[in-house]
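Descriptive structure summary
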Amino acid sequence: MPKLLVSDPIDQAGIDILSQVAQVDVETSLSQEDLVRVIPEYDALMIRSGTRVTKEIIEAATQLKIIGRAGVGVDNVDVATATRKGIVVVNSPEGNTIAAAEHAIAMMLSLSRYIPDANQSVKSGKWNRKAFVGTEVYKKTLGIVGLGKIGSHVAAAAKAMGMKLIAYDPFISTERAEQIGCRLVDLDLLFREADYITLHVPKTAETANMIDAAALAKMKPNVRIVNCSRGGIIDEAALAEALREERIGGAALDVFENEPLEADSPLRSVGKQLILTPHLGASTAEAQVNVAIDVAEQIRDVLLGLPARSAVNIPGLYPDALEKLRPYLQLAETLGNLVGQVAGGRIELLNVRMQGDLANNDSQPVVVAALKGLLSQALRERVNYVNASIEAKERGIRVIETRDASIRDYAGSLHLEAKGSLGDHAVTGALLGDGEIRITDIDEFPINVPPNHYMLFTRHRDMPGIIGKIGSLLGSFNVNIASMQVGRKIVRGDAVMVLSIDDPLPDGLLDEIKKVPGIRDAYTVTL
Ligand SMILES: NC(=O)c1ccc[n+]([C@@H]2O[C@H](COP(=O)([O-])OP(=O)(O)OC[C@H]3O[C@@H](n4cnc5c(N)ncnc54)[C@H](O)[C@@H]3O)[C@@H](O)[C@H]2O)c1
Ligand SMILES: O=C(O)CC[C@@H](O)C(=O)O
């Protein structure tokens, strides 16, 4: 019988499912060292947010086939290392949506009616009705940042309470927002107009510190902010200061930059109008049963040799088909991610052209992998091989598939063209003999570069000195260049430059690059 380790508290409903196919060991107080020591015995690992599944743990695993995260976020799992080792990582993207949305609403109402402070006051023997005159949410403006699963449910509940809804989500179409009853606005306007702000975004480079001192300064003096999404989206020190100086009306936080919240966090000393809960968004009996069953069923299926329905890193194909397509899926996902970032903004159309030998394969998994890559900036771990097509459709992204077996620059190559709100862009990539990925074309400019974690692309005039200027500028900001390549169609015409860099660009450097004479555009990409 295969062996399964459950290293965080999981609802019994999940354990019951797994006990039918595996020997289940529940050990919820293992240290990192303990996990490295015991993991070679196990075929499957089931966790919540408490266990950090590090590279060291995954590399120590010798027979691990699946890691199941009973919840949405897989930010506590080194997914890249798991993928490299062929270990499936599954999650439960929707099992706790309602729980998290209801927690956000509860936080908003608790702030409005001073419920935690009033409760404390009565329990301390007082009867002070004057101190707790609240405000109604009826007819107030709620600004929703992130209009995905949870944001949409919050919108429905808030609408029913008579709130006016505005939302900021650069990856959602106006039509979709209207269906939900929200007016899409830019972030600046949302900050200025909202009486309540609720955050429902993943933590990404764009959302980290989205609410900082400058953002807080734009808000109404009585604004109330709720964060039940991820820590690090609000600058905690700036928020504590704004609350202490009574520059905003209140805040309610369920998630923190570091969890558990540090003993000396500035938030702990804010007395009034700050409600803190210890990451309870998903902590309802119903959500815990949902995520436990959802993930347990997937672990059971994988242990029985069947595909998983919500794999974050590997699609639900039978092993033979998967083995054949796996390198192309990686190519499609990388190119989808790349073209999504190069195009930026909202994508309206994705054209997927399979070329050479790839044109003779089943196109569906390749298209899905490209969409998964395309949506990964917006949805992070929420997008998987199962929901990518549905998510794309809901976001108004049309997909066109074409095949051209006659294009044979490489054995098999893939061309993706994205038409978006900020312009049209195209990338092509191929697999080398050893399965390594090459980006071979960007916006019709021929290049030949492997994808890198951090990349910088420029569109510029092909003229002497420009490469040197960019090199020196990066050097002066201590950014190390791993490789650099230029592609052009005609001498002294338009050109592209692709740099693989070891570090992300520090603040302000991209603007400096754009100011270099001859540079027409520049953008960074994180793959
Ligand atoms: N507190 C908890 O216990 C708890 C429970 C469940 C989920 N969560 C967290 O809640 C968040 C939302 O979850 P979800 O299931 O609704 O995810 P989702 O993927 O359905 O929605 C996220 C939305 O954010 C949008 N988005 C991405 N980048 C953005 C940006 N820069 N600006 C504005 N919008 C952006 C996306 O387009 C998407 O519509 C996630 O961070 C998730 O991890 C927390
Ligand atoms: O309670 C948990 O397991 C975390 C819930 C939530 O943050 C998630 O990512 O699903």
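All figures in this text were calculated on a predicted structure; none of them were measured in a lab.

Turning to the site of ligand 1, a few remarks are in order. Lining the immediate environment of ligand 1, one finds 29 residues, of which Lys-149, Ile-150, Asp-169, Val-201 and Arg-382 sit closest. Within the contact set of ligand 1, an oxygen atom lies 3.3 Å away from a backbone nitrogen or oxygen of Gly-148. At 2.8 Å, a backbone N or O of Lys-149 approaches an oxygen atom of ligand 1. For ligand 1, whose unbound accessible area comes to 860 Å², protein coverage reaches 97%. Elements supplying a minimum of two residues to the shell around ligand 1: helix 7 (149–160) and helix 14 (363–379). Residues that form the shell around ligand 1 fall into these classes: 14 nonpolar, eight polar and seven charged. Of the domains in this structure, domain 2 (97–276) and domain 3 (316–451) are the two that each give at least three residues to the shell around ligand 1.

Once that is clear, we can look at the pattern of salt bridges. For the structure on display, the rule yields 25 salt bridges. As a salt-bridge pair, Lys-419 and Asp-424 come within 3.4 Å of each other at their nearest N and O atoms. Here Glu-512 makes a salt bridge to Lys-515, at a shortest N to O gap of 3.2 Å. Taken together, the residues Glu-512 and Lys-515, both in helix 17 (residues 509–515) and three residues apart, mark about one turn of the helix. Judged by its relative accessible area of 60%, Lys-515 is exposed. Several salt bridges converge on common partners, so that one network encompasses Lys-149, Arg-176, Glu-391, Glu-394 and Arg-395.

This brings us to the environment of Gly-373. Relative to the assigned elements, Gly-373 resides in helix 14. Judged by relative accessible area, Gly-373 falls into the buried class, the value being 2%. Linking Gly-373 and Ala-332, residues 41 residues apart in sequence, is a C-alpha distance of 7.4 Å. Those residues within four positions of Gly-373 in sequence are excluded, and the remaining contacts are Glu-333, Gly-336 and Asn-337.

The rules we used
Residues numbered from 1 in each chain as written. Chains lettered and ligands numbered in written order. Predicted model: local features only at pLDDT ≥ 70, side-chain atom pairs only at ≥ 80, totals over all residues. Heavy atoms only, no water. Near = heavy atom within 4 Å. Polar contact = N/O pair within 3.5 Å; in protein donor to acceptor, adjacent residues only side chain to side chain. Areas by Shrake-Rupley, 256 points an atom, 1.4 Å probe, with all protein chains shown as cover. Helix = DSSP H or I, 4+ residues; strand = E, 2+ residues; numbered from the N terminus. Nonpolar A, V, L, I, M, F, W, Y, C, P; charged D, E, K, R; others polar. Domains from an automatic or database assignment. Salt bridge = Lys/Arg side-chain N within 4 Å of Asp/Glu carboxyl O. Buried < 20%, exposed > 50% of the residue type's maximum accessible area, 1.4 Å probe, protein only. Contact = heavy atoms within 4.5 Å.

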